[in-house]
Amino acid sequence: MPVNEITIAPSLHSERLLQTLAPYSAIRIVTHDNPDPDAIAAGWGLHRLFTEHFDRPIEFVAGGAIVRAENRHMVELLNPPLRIVDRLAEDPDTATVLVDCGLGTSNHLATRDRLRPVAVIDHHAIARTPAEIAFADIRPGVAATATIVAHYLREQGIEPGVKLATAMLYAMRTETCGCETEHSELDRSIMLWLTEHAEPGLIAEIENAPLARAYFSDLVLALQGTQLFDDTALCLLPKASGPETVGEVADLLIRCEGICRVLCAGAIDDDLYVSVRTRRADERAVELLQKTLDGIGGGGGHTHRAGGKVVGIASGGKMSGSLEQQLQDRWLTACDEENRRPKRLVGLREIVENL
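Computed from a predicted structure; not experimentally measured.

Thoughts on helix H12 (residues 321–334)
The end-to-end C-alpha distance of H12, which contains 14 residues, comes to 20 Å, matching closely the 20 Å that a straight helix rising 1.5 Å per residue would cover. Looking only at H12, the buried set comprises Leu323, Leu327, Gln328, Trp331, Leu332 and Ala334. Looking straight down H12, one finds its buried side chains confined to an arc of 160°; they lie on one side. More than 90 degrees from the buried face of H12, the exposed residues found are Gly321 and Ser322. Phi turns positive one or two residues past the end of H12, at Asp336, with a value near 55°.

Some points on the sheet that holds strand S4 (residues 94–99)
Taken in spatial order, the six strands make up an open sheet running S3-S2-S1-S4-S5-S6, and their pairing is parallel. Strand pairing shows two members of the sheet lacking a second neighbour, strand S3 (82–84) and strand S6 (135–138), which therefore form its edges. Each strand of the sheet is rotated relative to its neighbour by a mean of 25°, with strand direction disregarded. In this structure, S4 lies alongside strand S5 (residues 119–122), joined through three bridges in parallel fashion. The residue of S5 that forms the bridge with Leu98 is Val120. With respect to the sheet, helix H1 (residues 13–21) is in contact with strand S1 (26–30), S4, S5 and S6, its orientation differing from that of S6 by roughly 150°. With respect to the sheet, helix H2 (residues 37–53) is in contact with S1, strand S2 (58–62), S3, S4 and S5, its orientation differing from that of S2 by roughly 170°.

Quick look at the pairing of strand S10 (residues 271–278)
A regular strand places its side chains so that they alternate between the two faces of the sheet. In terms of burial, S10 is largely enclosed, as eight of its eight residues are buried. Judged by which residues are buried, S10 turns out to be covered on both faces: Asp271, Tyr273, Ser275 and Arg277 on one side and Leu272, Val274, Val276 and Thr278 on the other are all buried. Direction of pairing for strand S9 (residues 261–268) relative to S10: antiparallel, over a ladder of eight bridges. Paired with Ile268 across the two strands is Asp271, which belongs to S10. Between S9 and S10, which pair antiparallel and follow one another directly, the connecting turn spans two residues, one of which, Asp269, has a positive phi of 60°.

Topic: the pattern of salt bridges
A complete count under the given rule lists 16 salt bridges for this structure. The salt bridge involving Asp251 is made with Arg68; its shortest N-O contact spans 3.5 Å. Of this pair, Asp251 sits in helix H10 (residues 243–253) while Arg68 sits in the loop between S2 and helix H3 (69–78), and the two are 183 residues apart along the sequence. Residues Arg340 and Asp329 are paired through a salt bridge, measuring 4.0 Å at the closest nitrogen-oxygen approach. Within this pair, whereas Arg340 is found in the loop between H12 and strand S13 (343–344), its partner Asp329 is found in helix H12, the two being separated by eleven residues in sequence. Classification of Arg340 as partly exposed rests on a relative accessible area of 38%.

Examining the pairing of S1
With five of five residues buried, S1 lies mostly within the body of the structure. Going residue by residue along S1, you find Ala26, Arg28 and Val30 tucked away on one face and Ile27 and Ile29 tucked away on the opposite face as well. Sheet topology places S1 next to S4; five bridges connect them, and they run parallel. From the neighbouring strand, Val30 faces S4, where its bridge partner is Leu98. The pairing of S1 with S2 spans four bridges and is classified as parallel. Note on S2: the bridge partner recorded for Arg28 is Glu59.

Details of unusual backbone geometry
Backbone geometry at Arg114 places phi at a positive 55°, although glycine is not the residue there. Judged by relative accessible area, which is 75%, Arg114 ranks as exposed. Unusually for a residue other than glycine, Asp336 sits at a positive phi of about 55°. Note on placement: Asp336 falls in the loop between H12 and S13. Exposure remark for Asp336: the relative accessible area of 66% places this residue in the exposed category.

Focus: the packing of aromatic side chains
As enumerated under the stated definition, the model contains two aromatic pairs in all. Relative to Phe54, the ring of Phe50 has its centre 6.3 Å away and its plane inclined at 45°; by these criteria the two rings are tilted. We classify Phe50 as buried; its relative accessible area is 0%. Aromatic pair Tyr215 and Phe216: ring centres 5.3 Å apart, planes at 85°, arrangement edge-to-face. Relative accessible area serves as the criterion here: at 19%, Tyr215 is assigned to the buried category. Taking the relative accessible area as the measure of exposure, Phe216 reaches 45% and is therefore partly exposed.

A closer look at the sheet that holds strand S7 (residues 227–229)
Taken in spatial order, the seven strands make up an open sheet running S11-S12-S10-S9-S8-S7-S13, and their pairing is mixed. Edge positions in the sheet fall to strand S11 (298–301) and S13, since each of these pairs with one other strand and no more. With four bridges connecting them, S11 and strand S12 (residues 305–310) associate as antiparallel partners. Of the residues in S12, the one forming a bridge with Gly298 is Lys309.

About the thresholds
Residues numbered from 1 in each chain as written. Predicted model: local features only at pLDDT ≥ 70, side-chain atom pairs only at ≥ 80, totals over all residues. Heavy atoms only, no water. Helix = DSSP H or I, 4+ residues; strand = E, 2+ residues; numbered from the N terminus. Expected span 1.5 Å × (residues − 1). Buried < 20%, exposed > 50% of the residue type's maximum accessible area, 1.4 Å probe, protein only. Arc of directions from axis to C-beta. Pairing = 2+ DSSP bridges. Axes fitted to C-alpha atoms, helices over the stretch in contact; angles between N-to-C directions. Contact = heavy atoms within 4.5 Å. Salt bridge = Lys/Arg side-chain N within 4 Å of Asp/Glu carboxyl O. Phe/Tyr/Trp six-rings, centres within 6.5 Å; stacked < 30°, edge-to-face > 60°.

Pasting the structure below:
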């Protein structure tokens, strides 16, 4: 089907993407499991772009669940066209488009269901893009995948509307929290464009999402159990109400004065979820994570923030003593940390005295 009767200008990323998808009778947008604001906003932006140009079925899907409180609140307030599904059916007439996730990684449905994507749009660095991928727009130099997709909309003269603009602007804010990355020239330009359409009050409401009581219970136990090895921290959660707790505890601990790197891990059902944060400019969280999980699990991320998963290594939401020791040894080795005698972030005497 022709692309909305337009003159193709191959130099524009959005035009090349639309050209690539034109021969297919349906389009499926796939993002990573447990999608975060960037994945949700970028996928939603592609859905808007494709519905404007194609008269054919278009779906936006992800696996897992919406787990973090702010992300759930964002979905409730803004109502993106995202469906959470368990699997994908193979259909040669349907184009699979990956957004905010990479080829061959295990954290999205397309890999697990062995679907070969037609297009990949992402801001995470990868080693290389296979030649058989018809369209790839991978820009590690931008703050968010939402930046790339918003640029497509602006190229096509499509106004995002209040809710989509708000989602994209919020996504860019979350991706740059904790000095994760500097804003590129494109990021700054897109932020100004989105600000004209977004609703700041909605962003404030998302950022102040209500938290379940279980969250505070998990947080207390996490702080009590955090161990310090000089400037390296390790937190093995005794329990976690959901995967989001692991990342949120890591976000909090890296803000502690004197801590330069943090690993937080928690068992959810039979899987182990891991989050790594770093502060030093010469250390990459994703590399420390991959060294720690080498041979047992996988993950990805950014310079200062990364997350991973080890499947089937826990038992009913509990870590064994041997698993805890293995994870500690792997983490300290990855960090070249010679000190193996930990101190507690919060001393036992202090805890007992204030019971």
